[in-house]
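Chain by chain, the residues:
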Amino acid sequence: MMDPLLEAAIDARGKAHAPYSNYKVGAAVETEDGEVVPGCNVESSSFGLTVCAERVALGAAVARGHNSFKSMAIVSRDGATPCGACRQIIWDLCGNLPITLIDEDGKRETVMSGDLLPKPFDHRNLAAVDRPIEDPSGNS
Ligand code: THU
């Protein structure tokens, strides 16, 4: 039996809306309480409006009320790592968590989100003495 997280990411990739790049990406995030929330990339004819699979999955999970995450999976043709914008959002919402990358042949590699974004800008930079901002990832 395949890991439900990987299965969800593979299934979501099949739903990707990528008519302009034809580069389909599926993602899935596992919440602290074990729910799996999928996402796929959604492209626009105004190319810059495109949203990545990772941010669709995380946005959907937040909209369902989740704010703590255990792991992610990302499926693409070549098992690519997330783009820079997604690395920031993943760090903000998830903190340091394992991300399994899967390519079209099923080849897997697991990386840590913290290794993908060394020396991050995050909530700590925004903290003030009279207005503390808690870690929004819920992990530390
Ligand atoms: N894409 C993702 O969905 N996730 C990534 O981490 C990299 C890029 C999408 C955006 C666009 O629809 C297509 O892949 C090509 O850049």
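One can find the structure itself at the top, above this paragraph.
So, here's what we can say about the structure. In this text, all values refer to a predicted model and were calculated from it rather than measured experimentally.

**Points about the pairing of strand 4 (residues 98-102)**
Piece 1. A large share of strand 4 lies buried, amounting to four of its five residues.
Piece 2. Here four bridges tie strand 3 (residues 69-75) to strand 4, and the two strands are oriented parallel to one another. In the strand pairing of strand 4, Val 75 is matched with Ile 102.
Piece 3. Handedness of the crossover is the feature at issue here: the chain leaves strand 3, passes through helix 3 (residues 84-94), returns alongside strand 4, and the resulting connection is right-handed.
Piece 4. The sheet contact formed by strand 4 and strand 5 (residues 108-112) spans five bridges and is antiparallel. Within strand 5, the position partnered with Ile 102 by the bridge is Arg 108.
Piece 5. Linking two consecutive strands that pair antiparallel, namely strand 4 and strand 5, is a turn of five residues; a positive phi of about 90 degrees is found at Gly 106 within it.

**Considering unusual backbone geometry**
Piece 1. In the Ramachandran plot, Asn 22 falls in the positive-phi region, its phi being about 60 degrees despite a non-glycine side chain.
Piece 2. Mapped onto the fold, Asn 22 is located in the loop between helix 1 (4-13) and strand 1 (26-31).
Piece 3. The phi angle at Lys 119 is positive, at roughly 50 degrees, despite the residue not being glycine.
Piece 4. Topologically, Lys 119 is positioned in the loop between helix 4 (113-116) and helix 5 (123-126).

**Focus on the nonpolar core**
Piece 1. Core analysis: the largest hydrophobic core is formed by 20 residues, its most contacted members being Val 29, Leu 58, Phe 69, Met 72, Ile 90, Leu 97 and Ile 99.
Piece 2. Within the residue set of this core, elements represented by two or more residues are strand 1, helix 2 (53-63), strand 3, helix 3 and strand 4.
Piece 3. With four residues, the top contributor of residues to this core is helix 2.
Piece 4. Aside from chain neighbours lying at most four places away, what touches Met 72 is Leu 5, Ala 28, Val 29, Glu 54, Leu 58, Ile 90, Leu 97, Pro 98, Ile 99 and Thr 100.

The rules behind the values
Residues numbered from 1 in each chain as written. Predicted model: local features only at pLDDT ≥ 70, side-chain atom pairs only at ≥ 80, totals over all residues. Heavy atoms only, no water. Buried < 20%, exposed > 50% of the residue type's maximum accessible area, 1.4 Å probe, protein only. Helix = DSSP H or I, 4+ residues; strand = E, 2+ residues; numbered from the N terminus. Pairing = 2+ DSSP bridges. Right-handed = clockwise from strand over helix to strand, strands pointing away. Core = buried A, V, L, I, M, F, W, Y, C linked by side-chain atoms within 4.5 Å. Contact = heavy atoms within 4.5 Å.

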